[in-house]
Amino acid sequence: MRGRVLAVEGGVLLILGAAFIVTGRFMGAAIVIGLASLAAACAWALWPAQR
Amino acid sequence: MWGYAAVGADIYTALGIITLAALGLAPLAFLAAGIVFALVGLCYAELASAYPLAGGGQYFTLRGLGDLSGLVAGAALVLDYTIDISLFTVVAFGYFNYFLPWITFGHHITDFTTTIGPIHLAWLWLVESLVGILVLIWLNVRGIKVSTNFNEIIGTIAIVAQTVIVLAGFVLVWKPELVSHEFLFDRPSLSQFAFGSSLAIIAFVGLETISQVAQETRRPATIIPRTSIGLVISVLLFAMAFSVLAVGLVQPTEFRGHEGDPVALIASKIPIIGIVAAPLTAAIGALIVFISANSGVVSSSRLSYSMSQFDLLPAWFSRVSKRFATPARAVVVFGGVALLQTIFAFFTPGPPGKSAAIDVLADLYAFGATTGYLLVFISLFVLRLKDPFTPRPYKMPLNIRMTYKGNQVWFPVLGLLGFLGVLFFLIMVILTHQYARIVGPLWVIAAVVLFMLYRRKRGLPMFKTLPRDWETATKKVLLEAEEFKSLEEYEAALNEHRARMADRR
């Protein structure tokens with residue numbers, strides 16, 4: 001459950017990061033994509049523990 | 001058991017205090033502390049999976065550096081657990097007080113204060129916090145535990161709620177331009193930043209708590225590293241996400257008066273969902289932070305029990321109540337210390353119109369954790385050299401191979417970086433925390449005096465480490481933890497070492 005929630009969080013933040021790139025707000029994009037990668041790492045670390 | 005509820009609560013407590021201290025650079029303060037404490041987390045993952053015993057940092061230091069260092073690490077960590085009880089109970093009622101206007105027809109917590117000279121006493125908040133701590137003492141003396149399932153459910157609800165707030169906040173209202181503006185024009189002074197980043201330890205210190213349950217974890221070699229790394233990253237993720245969100249959403253000064261419910265303030269600023277998210281966040285915050293305060297009571301009693309088992313503290317502390325089968329004495333003593341700290345914090349003079357309680361308790365924090373972690377890193381180096389035989393199911397990454405006394409050992413490069421980082425934070429705490437730099441060393445000195453009196457009474461050497469059969473202890477632990485493969489590896493490594501020693505002779 002937690003792994004999936006964090007994976008969704010990572011996905012949404014990644015999309016938001018892409019939107020920031022498209023609108024030319026590169027600092028926002030860098031911050032949000034950084035958070036997305038943290039969320040992805042977190043989802044990866046917690047995913048097997050669920051099984 | 002390895003619940004997010006006990007660890008994830010830290011950001012609910014830390015966000016307001018740190019943003020007020022580090023202002024526009026609050027995310028950097030969290031990041032600096034987060035990087036160092038990710039290294040601490042990796043160090044704990046290695047040591048807790050290699051030595052899965054209750055006692056955490058104190059036990060690792062005892063194994064690596066001996067009795068006196070083990071005592072200092074244990075005493076320092078117990079100090080932070082007692083402050084954890086006080087601070088987290090006060091903040092739990094900060095979130096609870098979000099609902100105060102609903103039950104008192106519009107009165108806020110600031111309406112329930114009185115001024116005594118320079119002291120601005122929030123008397124209702126003080127009474128609530130004292131009752132909260134007494135309830136925790138009662139629960140732990142009676143042995144009424146929060147069930148693992150309940151902890152898991154609360155932890156999951158907290159993660160879901162935090163995720164919703166983070167996503168809604170970033171998508172609907174977060175402004176990167178405001179972050180840049182705050183970075184450039186709302187910068188703290190160097191000492192404010194040092195103070196803020198050393199306070200950010202609060203957001204990560206729950207990691208010590210998880211090592212306390214290592215002994216009760218079945219198959220610790222598999223479970224501990226993965227879970228602790230997952231927790232380290234998730235705590236870092238939410239600490240970073242909330243601090244960046246806060247700076248891109250509100251002026252840092254808006255947290256003034258909201259030190260007790262900072263995440264609820266963030267939730268209230270989110271359009272559309274804010275009206276529901278804010279009270280929901282306050283309710284979850286109150287519960288999760290109170291659970292975290294309870295983990296302070298549990299951990300301080302476990303730690304003092306472990307210390308008295310190794311003759312570092314009088315056996316009085318490890319005596320179990322006949323009626324309730326709980327370490328009632330340790331619970332009452334350290335709960336009592338938390339009560340005194342809370343009273344001290346509420347009666348400390350603060351800025352006009354504001355209670356200084358949270359500021360004082362936050363200031364007191366961090367000396368114990370940084371001192372304890374520093375000794376744990378030194379123990380990591382020593383144990384890598386002195387005890388290469390104990391199987392390490394998880395090793396901190398980046399190691400240099402060396403030969404020490406005929407044995408092949410691995411020196412941890414990341415461990416060295418972690419040590420330097422924690423040393424830096426300890427120096428920052430001593431330089432910038434006006435209460436911790438006095439109370440912390442005094443507490444450790446008092447523990448050393450108690451240790452010397454106890455050892456003298458028992459006729460034991462005061463400064464020498466008592467001889468202990470670590471080999472048998474390690475085998476017993478691995479057997480009880482059902483780590484049969486590790487047990488085989490340990491015996492094989494010892495036999496190989498003995499054969500090599502015999503050949504040399």
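Computed from a prediction, not measured in an experiment: that's the story for all the values here.

Caption draft 1: A look at helix α20 (residues 470-480) of chain B. All names here are of chain B. Among the residues of α20, Thr474, Val477 and Leu478 are the ones counted as buried. Viewed end-on, α20 has its buried residues packed into an arc of 95 degrees, placing them on one side of the element. Along α20, the residues that are exposed and aim more than 90 degrees away from the buried face are Lys476 and Glu480. Each element contacted by the buried residues of α20 is listed here: α4 (56-65) and α21 (484-504). The first or second residue beyond α20 is Glu482, which carries a positive phi of 60 degrees.

Caption draft 2: Region of the structure containing the domain arrangement of chain B. All names here are of chain B. Splitting chain B by domain gives domain 1 (2-468) and domain 2 (471-505). Computed from C-alpha atoms alone, the centre-to-centre distance between domain 1 and domain 2 is 35 Å. Counting residues at the interface gives 14 residues for domain 1 and 14 residues for domain 2. Here domain 1 is connected to domain 2 by zero salt bridges. Run the count over domain 1 and domain 2 and you get four residue pairs in polar contact (both at pLDDT 80 or more). Top contributing element to the side of domain 1 that touches domain 2 by residue count: helix α12 (residues 220-247), with three residues. The residue makeup of the side of domain 1 that touches domain 2, split by class, is six nonpolar, four polar and four charged.

Caption draft 3: Here's a closer look at the confidence of the model for chain B. Mean pLDDT over chain B works out to 90, with 95% of the residues at or above the 70 mark. What the predictor reports for the complex is a pTM of 0.92 with an ipTM of 0.94.

Caption draft 4: Representation of the packing of helix α10 (residues 190-199) of chain B against helix α18 (residues 413-432) of chain B in the model. All names here are of chain B. Contact geometry of α10 with α18 gives a least axis separation of 9 Å together with a crossing angle of 120 degrees. In terms of axis orientation, α10 runs oblique to α18. The interaxial crossing formed by α10 with α18 has left-handed handedness. For the pair formed by α10 and α18, the contact residues are Ser191, Ala194, Phe195, Ser197 and Ser198 on the first element and Phe425, Met428, Val429 and Thr432 on the second. Considering only residue class, the contact of α10 with α18 consists of five nonpolar, four polar and no charged.

Caption draft 5: Fine view of the packing of aromatic side chains. All names here are of chain B. Counting across every chain of the model gives 23 aromatic pairs over all chains. Ring centres 5.7 Å apart and planes at 40 degrees place the aromatic pair Tyr59 and Phe310 in the tilted group. You can see Tyr59 sitting in helix α4 and its partner Phe310 sitting in the loop between α14 (274-309) and α15 (328-346), a full 251 residues away along the chain. Note on accessibility: Tyr59 and Phe310 belong to one class, buried. Relative to Phe242, the ring of Phe238 has its centre 6.5 Å away and its plane inclined at 35 degrees; by these criteria the two rings are tilted. Here the residue Phe238 and the residue Phe242 both occupy positions in helix α12, the gap between them amounting to four residues, near one helical turn. This pair shows no difference in class: Phe238 is buried, exactly as Phe242 is. Connected via pairs of aromatic rings, a cluster forms that spans Phe37, Tyr44, Phe60, Tyr373, Phe424 and Phe425.

Caption draft 6: Fine view of the interface of chain A and chain B. In this complex, chain A contributes 23 residues to the contact, which on the side of chain B involves 26 residues. Carbon and sulfur atoms supply 78% of the area buried between chain A and chain B, which totals about 2200 Å² over both sides. In this structure, the connection of chain A to chain B is made through one salt bridge. Inspection of the chain A/chain B interface yields two residue pairs in polar contact (both at pLDDT 80 or more). Contributing elements (two or more residues each) for the side of chain A that touches chain B: α1 (2-22) and α2 (26-50) of chain A.

Definitions and limits used
- Residues numbered from 1 in each chain as written.
- Chains lettered and ligands numbered in written order.
- Predicted model: local features only at pLDDT ≥ 70, side-chain atom pairs only at ≥ 80, totals over all residues.
- Heavy atoms only, no water.
- Buried < 20%, exposed > 50% of the residue type's maximum accessible area, 1.4 Å probe, protein only.
- Helix = DSSP H or I, 4+ residues; strand = E, 2+ residues; numbered from the N terminus.
- Arc of directions from axis to C-beta.
- Contact = heavy atoms within 4.5 Å.
- Domains from an automatic or database assignment.
- Salt bridge = Lys/Arg side-chain N within 4 Å of Asp/Glu carboxyl O.
- Polar contact = N/O pair within 3.5 Å; in protein donor to acceptor, adjacent residues only side chain to side chain.
- Nonpolar A, V, L, I, M, F, W, Y, C, P; charged D, E, K, R; others polar.
- pLDDT = per-residue confidence, 0-100.
- Axes fitted to C-alpha atoms, helices over the stretch in contact; angles between N-to-C directions.
- Parallel < 35°, antiparallel > 145°, perpendicular 65-115°, else oblique.
- Left-handed = near helix turned anticlockwise from the far one by under 90°.
- Phe/Tyr/Trp six-rings, centres within 6.5 Å; stacked < 30°, edge-to-face > 60°.
- Buried area = accessible area lost by both parts, 1.4 Å probe.

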